[in-house]
Amino acid sequence: MPSREEERREFNVVKHGARKVDGVSLVTGRPKFTADMDLPDTLYVRILRSPHAHARIVEIDTSEAEAMPGVALVLTHKNTPTRRFTTAGQGYPEPSPYDTRMFDTKVRFVGDRVAAVAAESREIAEAAVKAIKVTYEELPAVLSIDAALAPDAPVIHDEDDSAGIYDAARNIVADVDIDVGDVEKGFAESDVIVETVCELQYAQHTPIEPHVVLSYLDPDGRLVLRTATQVPFHVRRIVAYALDYPLHNIRVIKPRIGGGFGTKQEILLEDIAALTTLRTRRPALIELTRPEEFVAARTRHPMRVRVKLGAKPDGTLHAMEMEAISNTGAYGSHGLTVLSNTGSKTLPLYNKAENVHFYGKAVYTNLPVAGAYRGYGATQGYFALETAMDELAEKLGLDPVELRRRNHIRAGETSPIFVKLGEGREGVEQIIKSCELERCIEIGMARIGWAEKRGKKIREGSWVHGLGMAVHMQGSGIPQIDMAAATIKMNEDGSFNLLVGATDIGTGSDTILGQIAAEVLGVPLEKIIVYSSDTDFTPFDVGAYASSTTYVSGMAVKRAAEKVRSQIVDVAAHVLDADPETLSLGDEGVHAPNGKSVSLAEVCHYAMYKSDQFQIAATASFVPEESPPPFVASFAEVAVDTETGFVKVVKFVTAVDCGTPINPVLAEGQMEGALANGIGYALTEEMLFSSRGRVRNPNLFDYKILGALDIPPIEVILVDSYEPTGPMGAKSIGEIGINAPIPTIANAIYDAVGIRLRRTPFTPERVLKAMRNKE
């Protein structure tokens, strides 16, 4: 473990708010997104989608569509591969069930695929889709988790060729059940017990850029998929499998992306585009409309979470139980892993409890398919857990902050949950090596005015103010599963090419990884040329998910840079006639103790042209043995209008321990974006459904995300910390912020008007109803 001097040493590039490597090009509109590329002879693909939540396709007649001028290809279940696969972009073997076909004889939600048309124009493709005649046998639909688990529920996946479903006959995708100690005995020994049940709604990611893919053949006849994805290497593998097509004949390129948030950790269009191009030998473009993005992309897993806590009189937790029932929709994408994370990312936070039980199910319904969404289960778990902690504090007569202080995990400690529960499998043993949560709490309390305002119920006319808080942890990648690699090569002017499979989806990871390389190699960031996410030219990376990029991909970059640095020093030792152990890198050169130095450009020229010639370059990989959690303490001041039920967030304060922030400006931006996303999820966002399973608000007018004027004042404090297992002391920050708003705002509403809200979003109607029920 590094000394305090090493931990706090000054960095030259890291820990500075360097400008994004693609910043200027982005603000001047130069980068090309997927749909910006115009290829001659491109076909436009539209998809016919099911009008029914649950039905069998009895007959499908495409003759009229195929006869239309300008139609090049029509795809249905009759002329496409029947191999089942998963659309979840996860590491192999994927923990999600193989329950999906390109086109099936059964549709399982309103918006499911029925057919696809490729035509000379979008208009022709749309007309041809409407010309397809389909006869359906409508089946009873399952539109809630309770209906799915009913003894006589219709079976959604009654096919015999799916694999990896826990219990298809009972609509159960996945089941998790783990114990630590004896929870029943623990509750019997507890002096104070609270229990709460919270429910979270359907929500959509709403990236500015919808799902889009352009497929074409290169001059050698290889298939190229230019796609808005978070997981290019997983896209290549899954498309190859689904189409039974050689993987080496597929190249996947990730261009600039207009947001992902998890929904693009999925293979939703690439298989259709690929097959269209292979069948027609022409480029094909598929781009979802905004309504399709709501209906047929992915959503957050709606969930019902029950938490029961037992404590001793001093507030020490003695027993914890969490039960989660997750709605995975019509297909099982990410069902097991999101369910697992609901417990694995939350329960270790309070490691003083000796008796813990987590169990739950992910169930199929005939509603839109849930998938990966920033927070990935932890968001749902923290709503119930942090609500219960506030209720327990009240019952014990303790300040909510004090209860958390007495129970949260600290550096040097562990939790048995780390071993018992990972992402869809057993976890790994882990000792917390960095935790500044106590400092986060102190700073957050001061910035929000906790001591001055908490419990005071300050009134301004019909508005009543209140304060709430919550604490959180997450993770940094998936231990012993995630893998990243990086390649660095040196150029004659002392610059370097950094090739990474890591996927920048707007997060700034190209910049972060460039800063890590620049720090090791003693050059400014401008001397690092970053190229990412091309399966032909960059080394493997699992992609942008699980808060893994800075920690996992960053360590791969650091290792590759250290190898290159060693090669540079060896060459410079020959040039300077010096012992390599005595040389140092910095200021774009190599320096000897006697004052002599040689520039990096001269080193590269020597290696390439003069003696013992070779290319200074290296590739390195990294697989984490653990997943060091970032920590957050969040505080909110809200004002509740007692006449209308409207909730206004007056101020939101978040103090975060993310280890060394490689780029503090980008780290703050990640937190601000996650908090804005989470505040919308808490207050306004909700997908609404008809009685037949149709989405009633699939547009940005009726589905309410926060606009710039709606976002409250947000203060983010990066608390000084150092994670010894991470690159330059860093750990993750990308997801944790979204977990904070729901429980923090819920607890603040209680402080203001004395109502416990257990269902999101906290709309004026729900708040007003709860206040009237209380009266």
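Residues numbered from 1 in each chain as written. Predicted model: local features only at pLDDT ≥ 70, side-chain atom pairs only at ≥ 80, totals over all residues. Heavy atoms only, no water.

**Student:** What is the right way to read the overall build of the chain from this model?
**Tutor:** Helix and strand content of the chain: 21 helices and 27 strands. Relative to the 2.2 N^0.38 estimate, which gives 28 Å for 775 residues, the radius of gyration of the chain is 27 Å and therefore close to what a compact globule would have. Considered along the principal axes of its C-alpha atoms, the chain spans approximately 85 × 75 × 50 Å. By residue count, 64% of the 775 residues in the chain fall in the buried class. Contacts in the chain between residues far apart in sequence, at least 24 positions, make up 81% of those at least 6 positions apart. Roughly 27800 Å² of accessible area belongs to the chain as shown, and the carbon and sulfur atoms make up 51% of that amount. (Helix = DSSP H or I, 4+ residues; strand = E, 2+ residues; numbered from the N terminus. Rg over C-alpha atoms; globule rule 2.2 N^0.38 Å. Buried < 20%, exposed > 50% of the residue type's maximum accessible area, 1.4 Å probe, protein only. Contact = heavy atoms within 4.5 Å. Areas by Shrake-Rupley, 256 points an atom, 1.4 Å probe, with all protein chains shown as cover.)

**Student:** Can you help me understand the pairing of strand β27 (residues 714–718) in this one?
**Tutor:** In the case of a regular strand, side chains alternate between the two sheet surfaces. Direction of pairing for strand β26 (residues 647–657) relative to β27: parallel, over a ladder of 5 bridges. Bridging across to β27, A655 finds its partner in I717. (Pairing = 2+ DSSP bridges.)

**Student:** Help me understand the sheet that holds β27, please; the structure alone is not making it clear to me.
**Tutor:** In any sheet, the strands associate via hydrogen bonds between backbone groups, in a parallel or an antiparallel arrangement. The 5 strands are arranged β16-β17-β25-β26-β27 in an open sheet whose pairing can be described as mixed. In this open sheet, the two edge strands, each paired with only one partner strand, are β16 (459–460) and β27. The pairing of β16 with strand β17 (residues 463–473) spans 2 bridges and is antiparallel. Each residue of the ladder has a partner; that of E460, found in β17, is W463. Running at roughly 5° to β17, helix α12 (residues 400–407) makes contact with β17 and β25 (631–641) of the sheet. Its contacts with the sheet place helix α14 (residues 437–448) against β17, β25, β26 and β27, and it is angled at close to 25° to β25. (Axes fitted to C-alpha atoms, helices over the stretch in contact; angles between N-to-C directions.)

**Student:** Which parts of the structure should I look at to understand the nonpolar core?
**Tutor:** The tendency in soluble globular proteins is for nonpolar side chains to be buried side by side. If you look at the biggest cluster of nonpolar residues, it comprises 119 residues, and the most contacted ones within it are L309, F635, I745, I749 and F762. Broken down by element, the residue count for this core peaks at 10 residues, all from helix α11 (residues 378–396). Setting aside chain neighbours within four positions, we find F635 in contact with V401, I441, G444, M445, I448, W450, G468, M469, K651, F652, V653 and T744. (Core = buried A, V, L, I, M, F, W, Y, C linked by side-chain atoms within 4.5 Å.)

**Student:** Hey, could you run me through α14 in this one?
**Tutor:** One full turn of an α-helix is made of 3.6 residues, so residues set three or four places apart face in the same direction. Along its 12 residues, α14 runs 16 Å from first to last C-alpha, staying within 8% of the 16 Å computed at 1.5 Å per residue. Listed in full, the buried residues belonging to α14 are L437, C440, I441, I443, G444, M445 and I448. Lining the buried residues of α14 we find α12, α15 (450–453), β17, β25, β26 and β27. One or two positions beyond α14, positive phi appears at G449, with a value near 75°. (Expected span 1.5 Å × (residues − 1).)

**Student:** I'm lost on the state of the cysteines in this one. Help?
**Tutor:** By definition, a disulfide is the covalent link that joins the sulfur atoms of two cysteine residues. Scanning all chains against the criterion turns up 0 disulfides. C435 carries a free sulfur, and the closest cysteine sulfur to it, the one in C440, is 7.7 Å from it. The closest cysteine sulfur to the non-disulfide-bonded C658 is located on C440, 9.2 Å from its own sulfur. Under the relative-accessibility criterion, C658 is labelled buried at 3%. (Disulfide = S-S within 2.5 Å.)

**Student:** So what exactly am I meant to see when it comes to the pairing of strand β14 (residues 317–329) here?
**Tutor:** Most of β14 sits inside the fold, with 12 of its 13 residues counted as buried. Sheet topology note: the strand β13 (residues 303–311)/β14 ladder contains 9 bridges and is antiparallel. Paired with V305 across the two strands is A324, which belongs to β14. Looking at chain direction, β14 and strand β15 (residues 355–364) are connected through 10 bridges and run parallel. Note on β15: the bridge partner recorded for M322 is F358.

**Student:** Explanation requested: unusual backbone geometry in the structure shown.
**Tutor:** Leaving glycine out, the prevailing phi sign among residues is negative, and the prevailing peptide bond configuration is trans. In this model, Y92 is joined to P93 through a cis peptide bond whose omega is -5°. Along the chain, P93 turns up in the loop between β3 (71–75) and β4 (106–107). Backbone torsion omega between T760 and P761 reads -5°, so that peptide bond is classified as cis. Position of P761 relative to the elements: it lies in the loop between α20 (741–753) and α21 (764–774). The phi dihedral of S533 falls on the positive side, at around 65°, and the residue is not glycine. Position of S533 among the secondary structure elements: in the loop between β20 (528–532) and α17 (549–576).

**Student:** Sorry, what's going on with helix α10 (residues 335–344) here?
**Tutor:** Among the 10 residues of α10, 10 are classified as buried, and the element is accordingly described as predominantly covered. Where α10 is concerned, the buried positions are G335, L336, T337, V338, L339, S340, N341, T342, G343 and S344. Buried residues belonging to α10 abut β7 (172–180), β13, β14, β15, α11 and α13 (416–420).

**Student:** Just to check I follow, could you spell out the environment of V542 for this structure?
**Tutor:** By the element assignment, V542 lies in the loop between β20 and α17. The buried category is assigned to V542, whose relative accessible area is 4%. On a C-alpha basis, the gap between V542 and H234 in space is 7.1 Å, while along the polypeptide they are 308 residues apart. Every residue in contact with V542, bar those within four places of it in the chain, is listed here: V231, H234, D482 and M483.

**Student:** I keep staring at the packing of aromatic side chains and nothing clicks. Help me out?
**Tutor:** To describe a pair of aromatic rings, you give the distance between the ring centres and the angle between the ring planes. A full pass over the atoms with the stated rule returns 9 aromatic pairs. When the centroid spacing of 5.2 Å and the interplanar angle of 65° are considered together, the rings of F233 and F540 count as edge-to-face. Linking F233 in helix α7 (residues 232–243) with F540 in the loop between β20 and α17, this pair joins segments that are 307 residues apart in sequence. For F540, a relative accessible area of 29% translates into the label partly exposed. (Phe/Tyr/Trp six-rings, centres within 6.5 Å; stacked < 30°, edge-to-face > 60°.)

**Student:** How should I be thinking about the pattern of salt bridges in this particular structure?
**Tutor:** When the charged atoms of two side chains with opposite charge come close together, those side chains can pair. Going through the model one piece at a time under the given rule, you end up with 52 salt bridges. The salt bridge involving K527 is made with E588; its shortest N-O contact spans 2.5 Å. On the criterion of sequence distance, the pair formed by K527 in the loop between α16 (509–521) and β20 and E588 in the loop between β21 (584–586) and β22 (589–591) is long-range, its members being 61 residues apart. Given a relative accessible area of 21%, K527 falls into the partly exposed group. Counted as one network, the salt bridges with shared partners bring together R84, R101, D104, R108, E159 and D161. (Salt bridge = Lys/Arg side-chain N within 4 Å of Asp/Glu carboxyl O.)

**Student:** Explain the sheet that holds strand β18 (residues 484–490) to me, please; I cannot follow it from the model alone.
**Tutor:** Taking strand neighbours across the sheet as the criterion, the 4 strands line up as β20-β19-β18-β24 in an open arrangement whose pairing is mixed. If you trace the sheet from one side to the other, it starts and ends with β20 and β24 (617–622), each paired once. With direction set aside, neighbouring strand axes in the sheet form an average angle of 20°. Pairing of β18 with strand β19 (residues 496–500), which is carried by 5 bridges, proceeds in the antiparallel orientation.

**Student:** Mind showing me how you'd approach the confidence of the model for the chain here?
**Tutor:** The predicted structure's coordinates, where accompanied by low pLDDT, should not be read in detail. The share of residues in the chain with pLDDT of 70 or more is 99%, and the mean pLDDT across the chain is 96. Ignoring residues within four places in sequence, the model shows residues 1–8, a span with pLDDT below 50, making 10 contacts including any to other chains. (pLDDT = per-residue confidence, 0-100.)

**Student:** Can you walk me through the domain arrangement of the chain in this structure?
**Tutor:** Many structure descriptions define interface size as the accessible area lost when the parts assemble. Here the domain parsing of the chain yields domain 1 (4–30 + 482–622), domain 2 (34–139 + 205–296) and domain 3 (151–186 + 309–430). Of the residues lining the interface, 22 residues belong to domain 1; the matching set on domain 2 comes to 22 residues. Interface area, domain 1 with domain 2, both sides summed: about 1600 Å², of which 50% is carbon and sulfur. For the pair domain 1 and domain 2, the interface holds 4 salt bridges. A salt bridge links D534 to R251; the shortest N-O distance between them is 2.6 Å. (Domains from an automatic or database assignment. Buried area = accessible area lost by both parts, 1.4 Å probe.)

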